[in-house]
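Here's the letter readout for the chains.
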Amino acid sequence: MRAKGVLRVDTEVLVPFFDVDSMDVVWHGHYVKYLEVARCALLDAIGHNYTQMKAAGWVWPIIDVQLRYAGPARFGQRITVRAELVEWRNRLKVHYLICDAATGERLTRASTIQVAVNLQGEMQLVSPQVFIDAVERHLPAQDAPSSLPIHLAADHA
């Protein structure tokens, strides 16, 4: 069973023509782009996006991507990409769910893992405090760890 995220953002994407293959289905590699759109919305929502990360002296390369396709997305389809923050203290782990926006049918599940690397190229074993602080400002009260995740919505067509 997948861990539930502590923060989540839903982003809507309209599948563009240039993302589909000759079978009118989104080419598998483009799903990673949709994950990026949702992850950027999540980072914006917590107030510490990639621009702010780099300004603080850190870059966050992806070191692992997992994708499981359940159904195809097609040209003109509205999809919802949910990004849920699962881990942040030692690495950045995000779970994703891509669904048809109209029906809620699951199309893809995914996860990414990123690690903090300083500008000299040294990987860190813990996340920078500035990032931990940004995340924890948005968490439910510490005395209620079973609280439901914060739900933030974004629309990127």
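As the structure is a prediction and not an experimental result, all values here were calculated from the model. (Residues numbered from 1 in each chain as written. Predicted model: local features only at pLDDT ≥ 70, side-chain atom pairs only at ≥ 80, totals over all residues. Heavy atoms only, no water.)

### A closer look at the confidence of the model for the protein
Condition: Values of pLDDT, ranging from 0 to 100, describe the predictor's confidence in every residue of the model. The secondary structure listing takes helices from DSSP runs of H or I that are at least 4 residues long and strands from runs of E that are at least 2 residues long, numbered from the N terminus. Residue contacts are defined here by distance: any two heavy atoms, one from each residue, within 4.5 Å place the two residues in contact.
Taken residue by residue, the protein gives an average pLDDT of 89. The fraction at 70 or more is 89%. Mean pLDDT across the elements of the protein bottoms out in strand E8 (residues 150-155) (46) and peaks in strand E5 (residues 92-100) (98). In this model, residues 143-157 is a region of pLDDT below 50 whose contacts with residues beyond four sequence positions or in other chains number 35 contacts.

### Thoughts on the environment of Ile62
Topologically, Ile62 is positioned in strand E3 (residues 62-69). Separated by 54 residues in sequence, Ile62 and Ala116 place their C-alpha atoms 9.5 Å apart. Excluding its chain neighbours within four sequence positions, the residues that come into contact with Ile62 are Arg39, Thr112, Ile113 and Gln114.

### Re unusual backbone geometry
With a phi angle near 65 degrees, Asp24 is a residue other than glycine that sits in the positive phi range. Relative to the helices and strands, Asp24 is located in the loop between strand E1 (7-14) and helix H1 (30-46).

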